[in-house]
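# Per-entry structural report
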Amino acid sequence: PRMDPNDGRVISNFIMQALRGEPLTIYGDGQQTRSFCFADDLIRGMMLMMDQDQEIGPINIGNPGEYTMLQLAQEVLKAIPESKSTIVHVPLPQDDPKQRCPDITKARTILGWSPTIDLKAGLARTVDYYRGELAKSAT
């Protein structure tokens, strides 16, 4: 929630495309993976890092749950069942990474932190936010 709907990130792009009934754009075959961490979890992890009395060095804060872009598009469409959107594939940019997934071992062991909001719950909250924003702009 509260991400700019036009910021170009995959979550906001897919949700806005689905709410508008536009095709969801997937680059390449959609098998590249990403991990998504809900802002509340991220902030909680950062607060735990700041509360440390000693220097703990770099720690990855993120969600190790990996999803392909195709899986993400399908999850967005499930979160917006009224959407008539389809999925379209366009060429994959040359510099697009095949995988992004944090190793949060240090966060778990040093901070006792791990994410608690899964993709489905995070999408539901984000979809609700964007629905409200679209309703405001329609009036």
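Each remark here, short or long, concerns the structure printed above.
Here's what I pulled together on the structure shown here. Note that the coordinates shown come from a computational prediction; the quantities given were computed from them, not determined experimentally.

On to the overall build of the protein, then. Counting its regular elements, the protein contains 5 helices and 4 strands. Order of helices (α) and strands (β) in the protein, N terminus to C terminus: α-β-β-α-β-α-β-α-α. With the C-alpha coordinates of the protein rotated into their principal frame, the extents come out at 50 × 40 × 20 Å. In the protein, 84% of the contacts between residues at least 6 apart in sequence involve partners at least 24 apart. Accessible surface for the protein amounts to roughly 8,500 Å². Of this, 51% is attributable to carbon and sulfur atoms. Averaging the positions of the 15 positive and the 18 negative side-chain charges in the protein gives two centres separated by 4 Å.

Where helix α1 (residues 10–19) meets helix α5 (residues 119–138), the closest approach of the two axes is 10 Å, and the angle between their N-to-C directions is 55°. Classified by the angle their axes make, α1 and α5 are oblique. Here α1 runs over α5; the crossing is right-handed. Residues Ile11, Ser12, Ile15, Met16 and Leu19 of α1 touch α5, and the partners they reach there are Leu123, Thr126, Val127, Tyr130, Arg131 and Leu134.

To continue, consider the nonpolar core. Inside soluble globular proteins, nonpolar side chains tend to come together where they are buried. Of all hydrophobic cores here, the largest spans 18 residues; its most connected members are Phe14, Ile15, Leu24, Leu72, Val76 and Leu123. Elements represented by at least two residues in this core include exactly α1, β1 (24–27), α3 (69–79) and α5. Those residues in contact with valine 76 that lie beyond four places of it in its chain are Phe14, Ile15, Ala18, Leu24 and Leu123. Ranked by size, the runner-up nonpolar core spans 7 residues in total, among them Ile61, Ala107, Leu111 and Trp113.

With that settled, consider the side chain of aspartate 41. Positionally, aspartate 41 belongs in helix α2 (residues 39–50). In this view, aspartate 41 contacts Trp113, Pro115, Thr116 and Ile117; residues no more than four positions away in its chain are not counted.

Running from amino to carboxyl end, α1 crosses α3 at an angle of 45°, the nearest separation of the two axes being 10 Å. One element, α1, and the other, α3, form an angle in the oblique class. Regarding α1 and α3, the two cross each other, and that crossing is right-handed. Residues Val10, Ile11, Phe14, Ile15 and Ala18 of α1 touch α3, and the partners they reach there are Met69, Leu72, Ala73, Val76 and Leu77. Within the contact of α1 with α3, the residues separate by chemical class into 10 nonpolar, no polar and no charged.

Our next topic: α1. Counting buried positions over the 10 residues of α1 gives 7, a clear majority of the element. Listed in full, the buried residues belonging to α1 are Ile11, Ser12, Phe14, Ile15, Met16, Gln17 and Ala18. Two residues or fewer after α1 comes glycine 21, characterised by a positive phi angle close to 75°.

Cut-offs applied
The numbering scheme is per chain: residues are counted from 1 as the chain's sequence reads. It should be noted that, the model being predicted, local features are given only for residues of pLDDT at least 70 and side-chain atom pairs only at 80 or more, the latter also being counted only at that level, while totals for whole chains, interfaces and linings use all residues. Note that the side-chain values use all heavy atoms of the structure and ignore hydrogens as well as water. By definition, any uninterrupted DSSP run of H or I lasting at least four residues is a helix, any uninterrupted run of E lasting at least two residues is a strand, and each is numbered from the N terminus. The contact criterion used throughout is that any non-hydrogen atoms of two residues lie within 4.5 Å. Surface exposure here means Shrake-Rupley accessible area, sampled with a 1.4 Å probe, where a residue is shielded only by the protein chains that are shown. Charge convention: Lys and Arg are scored as positive, Asp and Glu as negative, and His as well as the terminal groups of each chain are ignored. Throughout, a charge is located at the NZ atom of Lys, the CZ atom of Arg, the CG atom of Asp or the CD atom of Glu. The axes are straight lines fitted to the C-alpha atoms, using for helices just the contacting stretch, and the angles between their N-to-C directions are given from 0 to 180°. In this scheme, roughly parallel covers angles under 35 degrees and roughly antiparallel covers those over 145, while 65 to 115 is roughly perpendicular and the rest are oblique. Left-handed describes a crossing whose near helix is turned anticlockwise from the far helix by less than a right angle; the clockwise case is right-handed. Each nonpolar core is a collection of buried residues, namely Ala, Val, Leu, Ile, Met, Phe, Trp, Tyr and Cys, held together in the definition by side-chain atoms within 4.5 Å. Here's how the labels work: a residue is buried when its accessible area is under 20% of the maximum for its type, exposed when over 50%, partly exposed in between, all with a 1.4 Å probe on protein chains only. Residues are grouped as follows: Ala, Val, Leu, Ile, Met, Phe, Trp, Tyr, Cys and Pro are nonpolar; Asp, Glu, Lys and Arg are charged; all remaining types, including Gly, are polar.

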